[in-house]
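# Chain and residue survey
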Amino acid sequence: MTRSGTRVHAFADSARFARDLARTAGRGCVPVRVHRFPDGESLVRVATPPGADAILVRALHDPNAKLVEVLLAGDALRRAGARRVTLVAPYLPYMRQDAVFRPGEPVSQRAVGRLLGGAFDRVLTVEAHLHRIRRLSEAVHAGGESISAAPAVAAWARTTGADLVVGPDVESAPFVRAVARAAGLPGVVGRKDRLGDARVRLRLPALAARHAVILDDIAASGGTLAATALALRRAGVRRIDALVVHAIFARGATARIRAAGVRRIVSCDTIPHPTNGVRVAPLVAAVLGGR
Ligand code: R5P
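Figured I'd write up the structure that's included with this text. Computed from a prediction, not measured in an experiment: that's the story for all the values here. (Residues numbered from 1 in each chain as written. Predicted model: local features only at pLDDT ≥ 70, side-chain atom pairs only at ≥ 80, totals over all residues. Heavy atoms only, no water.)

For the ligand, the set of nearby residues contains 15 residues, the closest of which are Arg96, Asp216, Asp217, Ser221 and Thr224. Separating an oxygen atom of the ligand from a side-chain N or O atom of glutamate 171 is a distance of 2.9 Å. Aspartate 216 has a polar side-chain atom sitting 2.5 Å from an oxygen atom of the ligand. At a threshold of 2 Å from the grid points, most atoms of the ligand map onto the largest pocket. For the shell around the ligand, the secondary-structure elements that each account for two or more residues are strand E11 (191-194), strand E13 (211-219) and helix H6 (223-234). A per-element tally of the shell around the ligand places E13 first, with four residues. Of the residues contributing to the shell around the ligand, the split by class is three nonpolar, five polar and seven charged. (Near = heavy atom within 4 Å. Polar contact = N/O pair within 3.5 Å; in protein donor to acceptor, adjacent residues only side chain to side chain. 1 Å grid on protein atoms, 1.4 Å probe; cavity = no way out; pocket = protein on both sides within 12 Å on 5 of 7 lines; lining within 4 Å. Sits in = over half its atoms within 2 Å of the grid points. Helix = DSSP H or I, 4+ residues; strand = E, 2+ residues; numbered from the N terminus. Nonpolar A, V, L, I, M, F, W, Y, C, P; charged D, E, K, R; others polar.)

Let us look at the packing of aromatic side chains. Any two aromatic rings considered together are summarised by their centre-to-centre distance and by the angle between their planes. According to the stated counting rule, one finds zero aromatic pairs in the structure shown. Stacked on the ring of phenylalanine 11, the Lys or Arg arginine 58 has its end atom at 4.0 Å from the ring centre. (Phe/Tyr/Trp six-rings, centres within 6.5 Å; stacked < 30°, edge-to-face > 60°. Lys NZ or Arg CZ within 6 Å of the ring centre and 35° of its normal.)

Spatially, E2-E1-E5-E6-E7-E8 is the arrangement adopted by the six strands of the open sheet, whose pairing is parallel. Because the sheet does not close on itself, it has two edges, and the strands there are strand E2 (28-31) and strand E8 (144-147). Each strand axis lies, on average, 25 degrees off the axis of its neighbour in the sheet, ignoring direction. Relative to E8, strand E7 (residues 122-126) runs parallel, the two being bridged by four bridges. Counterpart to leucine 124 in the pairing with E8 is glutamate 145. (Pairing = 2+ DSSP bridges. Axes fitted to C-alpha atoms, helices over the stretch in contact; angles between N-to-C directions.)

Structurally, serine 148 is set in the loop between E8 and helix H4 (150-158). Here alanine 150 takes part through its backbone nitrogen, which lies 3.0 Å from a polar atom of the side chain of serine 148.

Spacing of three or four residues puts side chains on the same side of an α-helix, whose turn is 3.6 residues. Among the residues of H4, those classed as buried are Ala150, Ala152, Val153, Ala154, Trp156 and Ala157. On its buried side, H4 packs onto helix H5 (173-183), E13, strand E14 (239-247), strand E15 (264-268), strand E16 (276-278) and helix H8 (281-288). (Buried < 20%, exposed > 50% of the residue type's maximum accessible area, 1.4 Å probe, protein only. Contact = heavy atoms within 4.5 Å.)

Where H4 meets H5, the closest approach of the two axes is 8 Å, and the angle between their N-to-C directions is 55 degrees. Viewed along their axes, H4 and H5 adopt a mutual orientation that is oblique. For the pair H4 and H5, the crossing hand works out as right-handed. Across the interface between the two elements, Ala150, Val153, Ala154, Ala157 and Arg158 of H4 pack against Phe175, Ala178, Val179, Ala182 and Ala183 of H5. Of the residues that constitute the contact of H4 with H5, the class distribution is nine nonpolar, no polar and one charged. (Parallel < 35°, antiparallel > 145°, perpendicular 65-115°, else oblique. Left-handed = near helix turned anticlockwise from the far one by under 90°.)

If you want it as structure tokens, here you go:
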């Protein structure tokens, strides 16, 4: 079996990332068609040469329906004769609920990991929120792998003229350290207490900087970035920019972050959003390997 027939199969809502990945990896790119029935169920259709490997691409923000459709597409690819099926989910949801925080809750990371691990030979994502586990394969047993966005983010950070990179909390520390090292910049992380879905309290260590870039894996309500920006302003930092890998940005989030004093908000292109400014397809293509 030759791998030359390997195709990238793209859901429409991740088409731009999928085309970039296909181009960078030297593969063809074909659409996954989705039909929604009146009762809310989905039917997906794929087209693959039998015996070829398949790379299915979809960012899984706004996740519930998308997760089901991705599982259906995995099944369709296998029934159509695909050999190895890889899911590339540039954003992988449910990774933050990685423990039973209150009695009666699930460990969503494990439950979703089991589903995906059972459906795919390999699951690649970018900068998964891994706090209590070190590797994605501990949650997604069949070939789960989280690719660091740090090289691409560091290249961007070097262009900003910043003299400090800042993470909001200990969970951001590995990412902040990796970017700081690759960009040749100092880095610090703060301490965050979450008070509600959109409210956080944040403290930073003593610092001296003129221009800081806040780094985080995800922005949702924007509360974390806003609180970090306010703490930086209290510390006398004059210019503040922010970069997040996954631009979830709930309604009003970017306005809230700007109101807290962030001049420029940039994201990686794992989730399509007007703030996208850092391409990560080359990092994913490098892990997928040659033709
Ligand atoms: C949390 O652990 C993540 O790393 C992010 O800091 C968090 O999800 C951001 O959420 P929000 O924008 O709602 O504060």
